[in-house]
Amino acid sequence: MLSGFLFALAAGLMWGLVFVTPLLLPDYPAAMLMAGRYLAFGLLAVPLALFDWRELRRLTRADWRDAIQLSAIGNFLYYLTLAAAIQRAGGPLPTMIIGTLPVVIALCANHRNAARDGHYRWRDLAPALVLIALGIGCVNQVEQAALAPQDLSRYLQGAGLALIALACWTWYPIRNADWLRAHGDRSPRAWATAQGLVTLPMAALSFAVLWIADGAGLPLLPAGFDFPTGPRLWPYVGLMVVVGLFASWLGTLCWNEASQRLPTTLVGQLIVFETLAALAYAQLHRGEWPPLLGAAGVVLLVGGVSWALRLKPVPPTRERDLPRPAA
């Protein structure tokens, strides 16, 4: 339990980087951020695959199909929509929507995986979920108050894209945990590397599409954008390498380790660390201390997670095998 908790914490700290990257590179469109991040991830996965060659050879064709699906939805589509949402609506709104993940995943997994993991009684789980929801509400109230006035249509576009990102990142950890729990003898590190390897051709294809679109004059890139370098080549390359290594490969590795150690319902709640890290990085970017309400939100979020860690799931057979009362 403790090691799974620490792995989930490390994953959240590294995944929080993806929220601040679009703010650091506002002059690069979301498609460039998505393609650059996963090109770096794929290139980094190639030498890493040498360490896990035997494990990777054990993967079947069905396993590689699962890796492609997880990468396409949980990596490419998620980050494309998240980065676009942040650039359209600013950081607060997407953080608010993605911050509901602990509650959304807990609700989905508690219903979907009860037969495998057991289940948390709703009366036991409710206080933790309420604390997490209140904490997210406090933090998001602070973030919304700091939001500069924007064009309403652009703001609503960001909200819609953030909802798509929420759906992608709800689906990904549940399906990823399904594979890991069904293959308990496999290496989580090799599975993270496998997902990195399949992103390489997809990222190369993304750059090819952008190159063709730029040549054809299609509006996939902003007017006047100098493809493929953009206005700040080396900051772009450096951030893509950092995010590709830490947020993609190492973060996925830590999350896989946590998913093999903890029930899916509990792992879903620990995604709250991603929200906390994103908010902390945003405050560092602004050079400000969080206000009192924001600090209270952090305490509530940590309190909700701590409450959830104390709970133990009811085994699947405990209530089902109880003798039924006579008619």
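Our subject is the structure listed above.
Procedures and definitions
Residues numbered from 1 in each chain as written. Predicted model: local features only at pLDDT ≥ 70, side-chain atom pairs only at ≥ 80, totals over all residues. Heavy atoms only, no water. Helix = DSSP H or I, 4+ residues; strand = E, 2+ residues; numbered from the N terminus. Buried < 20%, exposed > 50% of the residue type's maximum accessible area, 1.4 Å probe, protein only. Contact = heavy atoms within 4.5 Å. Axes fitted to C-alpha atoms, helices over the stretch in contact; angles between N-to-C directions. Parallel < 35°, antiparallel > 145°, perpendicular 65-115°, else oblique. Left-handed = near helix turned anticlockwise from the far one by under 90°. Nonpolar A, V, L, I, M, F, W, Y, C, P; charged D, E, K, R; others polar. Salt bridge = Lys/Arg side-chain N within 4 Å of Asp/Glu carboxyl O. Phe/Tyr/Trp six-rings, centres within 6.5 Å; stacked < 30°, edge-to-face > 60°. Core = buried A, V, L, I, M, F, W, Y, C linked by side-chain atoms within 4.5 Å. Expected span 1.5 Å × (residues − 1).

A. Representation of the side chain of N75. Relative to the helices and strands, N75 is located in helix α5 (residues 61-89). Judged by its relative accessible area of 5%, N75 is buried. Every residue in contact with N75, bar those within four places of it in the chain, is listed here: Y38, F41, L70, Q195 and T199.

B. Main features of the packing of helix α3 (residues 30-49) against helix α11 (residues 188-216). Interhelical geometry of α3 versus α11 gives an angle of 140 degrees and a closest axis separation of 7 Å. In terms of their interaxial angle, α3 and α11 are classed as oblique. Helix-helix and strand crossings are classified by hand; for α3 and α11 the assignment is left-handed. The residue inventory of the contact of α3 with α11, partitioned by class, reads 18 nonpolar, seven polar and no charged.

C. Expanded view of the pattern of salt bridges. Summed over all chains, the structure comprises six salt bridges. Here D27 makes a salt bridge to R232, at a shortest N to O gap of 3.2 Å. Linking D27 in the loop between α2 (17-24) and α3 with R232 in the loop between α11 and α12 (233-261), this pair joins segments that are 205 residues apart in sequence. A relative accessible area of 32% means that D27 is categorised as partly exposed. Linking R58 and D185 is a salt bridge whose minimum nitrogen-to-oxygen distance equals 2.9 Å. With R58 in the loop between α4 (53-57) and α5 and D185 in the loop between α10 (152-182) and α11, the pair connects residues that are 127 residues apart, well separated along the chain. The exposure class of R58 is partly exposed, given its relative accessible area of 37%. With relative accessibility at 53%, the residue D185 sits in the exposed group.

D. Representation of the packing of aromatic side chains. Under the definition given, this model contains 11 aromatic pairs. Summarising the aromatic geometry, the rings of F5 and F273 are spaced 5.5 Å apart at their centres and angled 80 degrees between planes, so their arrangement reads as edge-to-face. Separated by 268 residues along the polypeptide, F5 in helix α1 (residues 2-15) and F273 in helix α14 (residues 272-286) bring together distant segments of the chain. Note on accessibility: F5 and F273 belong to one class, buried. When the ring of W15 is compared with that of W255, the centres are 5.2 Å apart and the planes differ by 45 degrees; the resulting orientation is tilted. One end of the pair, W15, is in helix α1; the other, W255, is in helix α12, with 240 residues separating them in the sequence. Each member of the pair, W15 as well as W255, carries the same accessibility label: buried.

E. Just the nonpolar core, in detail. Residues M32 and L82 are the most contacted members of the largest nonpolar core, which totals 91 residues. Apart from the residues within four sequence positions on either side, L82 is in contact with V18, F19, P94, I98 and A165.

F. Region of interest: α14. Along its 15 residues, α14 runs 21 Å from first to last C-alpha, staying within 8% of the 21 Å computed at 1.5 Å per residue. G287 sits one or two positions beyond α14 and adopts a positive phi of about 75 degrees.

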